[in-house]
Amino acid sequence: MSKPGTEENPLRVAIVGAGPTGFYSAEQLFKDRRYHVLVDMYERLPTPFGLVRYGVAPDHQKIKSVTKLFDRVAQRPEFRFFGYVEIGTDVTVDDLRRHYHQIIFTTGAQTDRNLNIPGEDLEGSYAATDFVAWYNGHPDFRDCEFDLSVETASVIGVGNVAVDVVRILSRTPEELARTDIADYALEALRHSKIREVYMLGRRGPAQAAFTTPEIKELGELEDAVVWAPPEEATLDPLSEESLAESADRATARKVEVIQSYSQEIPETTKTRRIILRFLVSPVEFIGDEHGHLQQIRLVHNELYKTDAGTLRPRATDREEIIPSGIAFRSIGYTGVPIYGVPFKSSWGVILNRDGRVIDPDTQEPLTGLYTAGWIKRGASGVIGTNKPDAAETIEAMLDDLEAGRTLEPDDPSPEGAEALVAARKPTYFSYADWLRLDEIEVKRGEEQGRPRVKFTDVHEMLAALEKEAA
Ligand code: NAP
């Protein structure tokens, strides 16, 4: 048999995970005209696009337009989508080995990190990742309940996810009603009593992970004012020095925006307050007699310079207690292992070198297994960052193909893989199914002046497709 990649013997690739990196990987594979490649994309959920659908905030529709590119990739005849098929359970990695020459894992970072402080498990303490998935209509999170009947909320962490959560908590129902937020979340937020939201950063303004447009947008909400205590918005001498040395304009601009919030708040009719805090770390969540979060004990930090030159936080002996009936920890996403794929737990990523999955015993690449995106490098960067990341992995794959290092599947025929999926998960969703669901969602949205009204339940999705087909 000739080397795969020809018309007669196409290179068969399985992509596991239909988020942005999965699509960027497929696009990159199709771009290389030297090889004939057939791609099957597997996704645990019925619908494609991963964090673009279930992570990007509903009031950031422009970012979601990247799906037009993914749609173009999916329309190619060499592409198939198997939605609602979980690799590791419905179909195993060994099953895939029997049908594909190469397998790429692009499953992203699906879960949250813990603070490891007392009281973290109290009622009212949640992971931001759960809240984000809930308001975005992720089928696994639609039944979550968040008690929004309290007045004060806290978000721990100062990354862009924290800003998203603060914004969604601080927007009016009218603002939210123009988005594709899940219907049940819109209803719950309509009755929210939250009027004060703290965002808590453990380092100073110059080290905040959020980006300038995101923090600026908080100041533009219809019914919320933003305030930062002047003593925390002012840079400490180490940050001042490091910023001057680095001549980092982007960070200097971000600090300016933060400091613009530290002026006295002019008289306003706005009813909600966002309070940006810096150099504080939660050390205890304090509950009431019913085990419900009521307050957070904070320690004030100071910064010190590490040998590597970065500024890290160190606790002082100054403490403070703030009211907080609900808290969302937003301190980064982490990956989830896939059965049969080596995992580096301490980093929450698949064990890999430049995208090649590595055998933990020999430290040598495992033939045919690759990874890209957040599950390869951790949860960092914007959606577009995953494009060059995917390109690096695809380059490694094509180098290996050239060198004759691929799996040797028993049955690389497209029919063989399809039969396997149909046997294991007869209710799988094709891309054509998704396009029909998409059309229905958008149509339901038009009726309400919204971008779409999402299906949030797999049974509802199946029923809608059946109704259409009938
Ligand atoms: P992130 O950017 O890594 O931010 C995590 C935040 O958590 C940082 O402020 C970090 O502080 C803090 N943190 C970590 N451990 C902590 C602890 N033990 N106690 C207190 N604070 C702690 O992560 P993210 O916000 O989850 O975002 C993930 C990625 O998605 C980022 O690249 C982000 O830019 C991107 N994203 C982009 C958008 C957008 O473009 N609009 C929206 C959402 C997400 P330290 O810096 O001190 O570690």
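Our subject is the structure listed above.
Here is what the cut-offs are and how they apply
Residues numbered from 1 in each chain as written. Predicted model: local features only at pLDDT ≥ 70, side-chain atom pairs only at ≥ 80, totals over all residues. Heavy atoms only, no water. Core = buried A, V, L, I, M, F, W, Y, C linked by side-chain atoms within 4.5 Å. Buried < 20%, exposed > 50% of the residue type's maximum accessible area, 1.4 Å probe, protein only. Contact = heavy atoms within 4.5 Å. Helix = DSSP H or I, 4+ residues; strand = E, 2+ residues; numbered from the N terminus. Pairing = 2+ DSSP bridges. Axes fitted to C-alpha atoms, helices over the stretch in contact; angles between N-to-C directions.

Quick word on the nonpolar core
The biggest cluster of nonpolar side chains holds 49 residues, and the ones touching the most others in it are Leu 169, Met 199, Phe 210, Leu 218, Leu 276, Ile 326 and Phe 328. Those residues within four positions of Leu 169 in sequence are excluded, and the remaining contacts are Phe 131, Leu 148, Ala 153, Val 155, Leu 189, Ile 194, Val 197, Arg 272 and Phe 328. Counting residues in each nonpolar core, the second largest holds 41 residues, with Tyr 24, Val 66, Val 73 and Leu 398 among its members.

A closer look at the environment of Pro 388
Among the structural elements, Pro 388 can be located in helix H15 (residues 386-402). For Pro 388, a relative accessible area of 52% puts it in the exposed group. Along the chain, Pro 388 and Thr 129 lie 259 residues apart, while their C-alpha atoms are 25 Å from each other.

Considerations on the sheet that holds strand E11 (residues 280-287)
On the basis of which strands lie adjacent, the open sheet formed by three strands has the order E11-E12-E13 and antiparallel pairing. Edge strands, defined here as strands with exactly one partner in the open sheet, are E11 and strand E13 (311-323). Neighbour-to-neighbour, the strand axes of the sheet open up by a mean angle of 20°, direction not taken into account. With ten bridges joining them, strand E12 (residues 293-305) and E13 adopt antiparallel strand pairing. Within the sheet, the bridge partner assigned to Lys 305 lies in E13 and is Leu 311.

Concerning the environment of Ala 18
Position of Ala 18 among the secondary structure elements: in the loop between strand E1 (11-16) and helix H1 (20-31). Overall, Ala 18 belongs to the buried group, its relative accessible area being 0%. Sequence-wise, Ala 18 and Glu 214 are 196 residues apart; in three dimensions their C-alpha atoms are separated by 26 Å. Non-local contacts of Ala 18, meaning those with residues more than four positions away in its chain, are made with Phe 23, Met 41, Tyr 42, Glu 43, Pro 48, Phe 49, Gly 50 and Phe 81.

By themselves these figures say nothing about function.
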